[in-house]
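Reading the structure
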Amino acid sequence: MATRLPESAFEDRLAAVRDRLAATDADAATWVGATSIEYLTGFHHIQTERPVVLAVTDDRVEITVPRLEVERVSPNPRIDVVHDYFDYPGGEPVAAAVGMLNGLGVDSVAADADGPPGVMGYEGPAFSEFLDVETQSWVDRMRWAKSDDEVDLIRESAKWANLGHRYLADYSEPGAHPATVSQRASTDASRAMLDTLGDDYSVRVRGDGPVHAGYISGEETALPHGHTPNERLSEGDVLVTGATANVDGYRSELERTMFVGDYSDEQEHYFELMLEAQTLAIDALGPGVPVAEVDQVVWDYFDEQGVTDLAQHHVGHNIGLGGHEPPYIDRGWGERYDGDDALMRPGHVYTIEPGLYTDEYGYRHSDTVAITESGTETLTTFPRDIDSNVV
């Protein structure tokens, strides 16, 4: 039962970026992306108008944060010095970060961005106004392939997502409201997860539980990113569900197409087409397989069945600290990347979710599948057949 990354994971990651830094002319590497900072140090924060800037040199790790994050980041054993500014805009976060870099003797940086992102109204100067800047995406690329420890966390996430989904199915019935069913299933699964893991659970949520399970229903399912409608369930409704769990920041994805009561012949037809497409995609996965090829397999099947006009998105995406991460199982992937970057590799963890969307309803399963040295491992386990998905 894996519930958090070992300290050695961060040591390895910092060593890897230092190796990349040594191959450049830069004096330091910097990051402003919250997920990259979390990946390298384990310090997780909410990206707001208050920028955080991480600096890594060949022998130091320092960080600039807003005053309100000082107590949270100071105990982090991987960060040597914490610098802070009071708040934005009065605190001038870039000036504070440049001061940190000047103190390290840095004149040039390899940066994930030329300044903090403009979120929640932040507007600030670029680093290049003060330093020589070259951009890099080292962490983004490192996250493509997960370590065994990371896959263990995603596997644990999938276990609790499956429980949340089971509660979701059990609590759904005609007359129930999708929002309250989601809240009840998420709460009960979160309670079970927290009771079971106890002190081993790594705190990752704010005012919420670690498991989320919910769905869209009725005509909203015809929209891949539909909203939860304000209407109670009725016999004949189609549901497109989703369940996940946060385990030390890592997530899985489990989705099912479900039916409230009996399904019609037309609904069964589209369900079975979707299910066969997902099966073909899962069967096509493996180490060394071109990423684009898996999407092509599904597209060819949809074309053969005459339903390409009902497909609105690619087959899937990598998942981990982010809900969506590259590589993307898309026919265009091979046009952007070549060599090993165009291939599935051990440690990639994909959602497999081809969908079909008619004018009335949508049909989509999603399962989380890890690429291994010898093949694949499907981490989500909720039944996929139609009769197991009737509530």
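Residues numbered from 1 in each chain as written. Predicted model: local features only at pLDDT ≥ 70, side-chain atom pairs only at ≥ 80, totals over all residues. Heavy atoms only, no water.

Notes on the UniProt feature "domain: Creatinase N-terminal" (unreviewed entry) in the chain
Cut-off, in case you're wondering: UniProt positions are given in the numbering used here, feature names are shortened, and annotations may be inferred rather than shown by experiment. Segments assigned H or I by DSSP are reported as helices when at least four residues long, segments assigned E as strands when at least two residues long, and all are numbered from the N terminus.
Mapped onto the present numbering, the UniProt feature "domain: Creatinase N-terminal" (unreviewed entry) falls at residues 13-112. Split by type, residues 13-112 is 33% helix and 23% strand. Its first and last C-alpha atoms lie 15 Å apart.

A word on the packing of helix H8 (residues 265-284) against helix H9 (residues 291-305)
Counted only if it meets this: Axis definition: a line fitted to C-alpha atoms, limited for helices to the stretch in contact. Angles are taken between N-to-C directions and run from 0 to 180 degrees. Between 65 and 115 degrees an angle is taken as roughly perpendicular, under 35 as roughly parallel, over 145 as roughly antiparallel, and anywhere else as oblique. In this scheme the handedness of a crossing depends on how the near helix is turned from the far one: anticlockwise by less than a right angle means left-handed, clockwise means right-handed. Note on contacts: a residue pair qualifies if any of its non-hydrogen atoms lie within 4.5 Å across the two residues.
One can describe the packing of H8 onto H9 by two numbers: an axis separation of 9 Å at closest approach and a directional angle of 150°. On the basis of the axis angle, H8 is roughly antiparallel to H9. Considering the relative orientation of H8 and H9, their crossing is right-handed. Within the contact between the two elements, H8 uses Leu273, Glu276, Ala277, Leu280, Ala281 and Ala284 and H9 uses Val294, Val297, Val298, Tyr301, Phe302 and Gln305.

Re the packing of helix H1 (residues 7-22) against helix H2 (residues 34-41)
Quick reminder of the rule: Polar here means any residue outside two lists: the nonpolar Ala, Val, Leu, Ile, Met, Phe, Trp, Tyr, Cys and Pro, and the charged Asp, Glu, Lys and Arg; Gly therefore counts as polar.
One way to put it is that H1 packs onto H2 with a least axis distance of 7 Å and a crossing angle of 115°. For the element pair H1 / H2, the angle class is roughly perpendicular. Across the interface between the two elements, Phe10, Arg13, Leu14 and Val17 of H1 pack against Glu38, Tyr39, Leu40 and Thr41 of H2. Of the residues contributing to the contact of H1 with H2, the split by class is 5 nonpolar, 1 polar and 2 charged.

As for H8
Definition in use: Under the convention used throughout, the expected extent of a helix is 1.5 Å for every residue step, that is, one less than its residue count. Each residue gets one of three labels from its accessible area relative to the maximum for its type: buried under 20%, exposed over 50%, partly exposed in between, using a 1.4 Å probe on protein chains only.
Between its first and last C-alpha, H8 extends 29 Å over 20 residues, near the 28 Å set by a 1.5 Å rise per residue. What H8 keeps buried is the set Gln267, Tyr270, Phe271, Leu273, Met274, Leu275, Ala277, Gln278, Ala281, Ile282 and Ala284.

A word on the pairing of strand S11 (residues 325-329)
Note the following rule: At least two DSSP bridges between two strands are required for those strands to pair.
Relative to S11, strand S10 (residues 316-318) runs antiparallel, the two sharing 3 bridges. Note that in S11 the partner of Asn318 across the bridge is Glu325. Here S10 folds back onto S11, and the loop between the two strands holds 6 residues.

What to know about the sheet that holds strand S7 (residues 211-217)
Read from one edge of the open sheet, 3 strands run S7-S8-S9, paired in antiparallel fashion. Across the chains shown, the open sheet's two edge strands, defined by having one partner strand only, are S7 and strand S9 (257-259). If you compare each strand with its neighbour and ignore which way they point, the axes differ by 30° on average. The sheet contact formed by strand S8 (residues 238-245) and S9 spans 3 bridges and is antiparallel. Paired with Val240 across the two strands is Thr257, which belongs to S9. Those strands touched by helix H6 (residues 148-171) are S7, S8 and S9, and its axis lies near 145° from that of S8.

Comments concerning H1
As a reminder of what qualifies: To be clear, the arc concerns the directions from the helix axis to the C-beta atoms.
The terminal C-alpha atoms of H1 lie 23 Å apart, and with 16 residues this matches the ideal 22 Å at 1.5 Å per residue to within 8%. Along H1, the residues classified as buried are Ala9, Phe10, Arg13, Leu14, Ala16, Val17 and Leu21. Buried residues of H1, seen end-on, are gathered within an arc of 155° and therefore sit on one face of the element. Summarising the geometry of H1, the exposed residues directed more than 90 degrees from the buried face are Glu11, Asp12, Asp19 and Ala22. On its buried face, H1 sits against strand S1 (28-31), H2, strand S2 (53-56), strand S3 (61-66), helix H5 (138-142) and H6.

Looking at the sheet that holds strand S6 (residues 132-135)
Ordered in space as S4-S3-S2-S1-S5-S6, the 6 strands form an open sheet in which the pairing is mixed. Of all the strands in the sheet, the pair left with one neighbour each is strand S4 (81-85) and S6. Each neighbouring strand pair of the sheet contributes to a mean axis angle of 25°, computed without reference to strand direction. Sheet topology places strand S5 (residues 108-111) next to S6; 4 bridges connect them, and they run parallel. Looking at the pairing, Ala110 lines up with Glu134 of S6.

Some points on the nonpolar core
Nonpolar side chains in soluble globular proteins tend to end up buried together. The line we're drawing: Only buried residues count toward a nonpolar core, which is a set of Ala, Val, Leu, Ile, Met, Phe, Trp, Tyr and Cys residues joined through side-chain atoms within 4.5 Å. Residue ranges labeled as domains rest on an automatic or database domain assignment.
One finds Val17, Trp31, Leu40, Leu54, Ile63 and Met193 to be the most contacted residues of the largest nonpolar core, which totals 46 residues. Sorting elements by how many residues they give to this core places H1 first, with 6 residues. Here this core spans two domains, and each of domain 1 (7-142) and domain 2 (148-388) adds at least three residues to it. Not counting residues within four places of it along the chain, the set of residues in contact with Ile63 comprises Ile37, Phe43, Val52, Val53, Leu54, Val73, Ile79, Val81, Val82, His83 and Met100.

Re the packing of aromatic side chains
Selection rule: Two rings from Phe, Tyr or Trp (for Trp, the six-membered ring) form a pair when their centres sit within 6.5 Å of each other. Planes less than 30 degrees apart are called stacked, planes more than 60 degrees apart edge-to-face, and all others tilted.
Tallied over the full model, the rule gives 11 aromatic pairs. Both rings, one in Tyr328 and one in Trp333, keep their centres 6.3 Å apart while their planes meet at 65°; by these two values the pair is edge-to-face. The class for Trp333 is buried, based on a relative accessible area of 5%. Ring geometry for Trp333 versus Tyr337: centroids 4.2 Å apart, planes at 20°, classification stacked. Site record: aromatic cluster; members linked through ring pairs are Trp144, Tyr328, Trp333 and Tyr337.

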